[in-house]
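For reference, the chains in residue letters:
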Amino acid sequence: DTAVSQTPKYLVTQMGNDKSIKCEQNLGHDTMYWYKQDSKKFLKIMFSYNNKELIINETVPNRFSPKSPDKAHLNLHINSLELGDSAVYFCASSQANYYEQYFGPGTRLTVT
Amino acid sequence: RKEVEQDPGPFNVPEGATVAFNCTYSNSASQSFFWYRQDCRKEPKLLMSVYSSGNEDGRFTAQLNRASQYISLLIRDSKLSDSATYLCVVNSGYSTLTFGKGTMLLVSP
């Protein structure tokens, strides 16, 4: 049983397109996250979300938006994709803020 | 000072060696501390939480020094399978965790 799953695993698309990445967790956690890991391997928080609060990293362009249909899902929508968006995107979840996080397998996004 | 700073790598060690990773953090109000490992092209996985009194899990020992804002990870009797990038993780005080850039460990036969 996969605790945190993401789809798709790989995503290749052209500049200007709009795409979504889906994330689901079956751990019963209250908080979910999106991270971006760039070519230099630095893991950077993009969003933290629970059913009460969305915390956005101020450096994230507003082309990126998280959408949560329910507590177990947090999808990431990206509009007008740019070359610099190419990276690996990880979804994660935790029981609550400050607790350890569990990561999905990642989505490797390539923008051409 | 960066929020979470780790030793630059990579560390190249032979099997059986003992290796130590160091990490410093800038936010004195931080409450939670962890070590994660990340294998090549894989997701980060929790290795261990770090408690104030220090804690051990098999060959791995983690220590926290709040006064110096310093965290360490000691790996004894290194195995080939320990080769990975080790990430120091600290709660930033803003409801999220902050990851260090990681230190790569290469264990050779």
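The rules behind these values
- Residues numbered from 1 in each chain as written.
- Chains lettered and ligands numbered in written order.
- Predicted model: local features only at pLDDT ≥ 70, side-chain atom pairs only at ≥ 80, totals over all residues.
- Heavy atoms only, no water.
- Helix = DSSP H or I, 4+ residues; strand = E, 2+ residues; numbered from the N terminus.
- Buried < 20%, exposed > 50% of the residue type's maximum accessible area, 1.4 Å probe, protein only.
- Contact = heavy atoms within 4.5 Å.
- Pairing = 2+ DSSP bridges.
- Disulfide = S-S within 2.5 Å.
- Core = buried A, V, L, I, M, F, W, Y, C linked by side-chain atoms within 4.5 Å.

Engineer: Mind laying out the overall build of chain B, listing which residues take part and the relevant values?
Structural biologist: Within chain B, the regular secondary structure consists of zero helices and eleven strands. From first element to last, N terminus to C terminus, chain B shows the α and β order β-β-β-β-β-β-β-β-β-β-β. In terms of principal-axis extent, the alpha carbons of chain B reach across some 40 × 30 × 20 Å. Looking at chain B as a whole, 48% of its 109 residues are labelled buried.

Engineer: Now, about unusual backbone geometry: what can you tell me, with residues and values included?
Structural biologist: Leaving glycine aside, a negative phi is the common case for residues, and trans is the common case for peptide bonds. Residue and element names in this part refer to chain A. Note that the residue after T7, namely P8, is joined by a cis bond; omega there is -5°. Although it is not a glycine, K41 sits at a positive phi angle of roughly 70°. Here K41 is to be found in the loop between β4 (31-37) and β5 (43-49). With phi around 45°, S80 is a residue other than glycine that occupies positive phi space.

Engineer: An account of the environment of L73(B) is needed here, citing residue identities and associated values.
Structural biologist: Residue and element names in this part refer to chain B. Residue position: L73 is located in strand β8 (residues 70-75). A C-alpha to C-alpha distance of 6.6 Å links L73 and Q63, two positions ten residues apart in sequence. Leave out the neighbours within four places in its chain, and L73 touches V19, A20, F21, W35, L47, M48, F60, T61 and Y86.

Engineer: Describe the pairing of strand β7 (residues 60-65) of chain B, listing the residues and the values that go with them.
Structural biologist: All names here are of chain B. Bridging between strand β6 (residues 55-57) and β7 involves three bridges; their strand directions are antiparallel. Following the sheet pairing, N55 is matched in β7 by A62. Adjacent in sequence and paired antiparallel, β6 and β7 are bridged by two residues, among which G58 carries a positive phi angle near 60°. Pairing between β7 and β8: six bridges, direction antiparallel.

Engineer: Lay out the state of the cysteines in plain terms, naming residues and giving numbers.
Structural biologist: By definition, a disulfide links the sulfur atoms of two cysteine residues through a covalent bond. Residue and element names in this part refer to chain A. The full count for this structure, using the stated rule, is two disulfides over all chains. Covalently, C23 is tied to C91 through a disulfide, its sulfur atoms 1.8 Å apart. Around the S-S axis, the bridge from C23 to C91 shows a dihedral of about -75° and counts as left-handed. One end of the pair, C23, is in strand β3 (residues 19-25); the other, C91, is in strand β9 (residues 87-94), and 68 residues separate them in sequence. The burial state of C23 is the same as that of C91; both residues are buried.

Engineer: Please set out the nonpolar core residue by residue, giving values where relevant.
Structural biologist: Most often, soluble globular proteins have nonpolar side chains that are buried together. One finds F21(B), W35(B), I71(B), L73(B), I75(B), Y86(B) and L105(B) to be the most contacted residues of the largest nonpolar core, which totals 23 residues. When contributions to this core are tallied by element, the ones reaching two or more residues are β3 (19-25), β4 (33-38), β7, β8, β9 (84-91) and β11 (103-108) of chain B. Grouped together as the second largest cluster of nonpolar side chains are 19 residues, V4(A), C23(A), W34(A) and I78(A) included.

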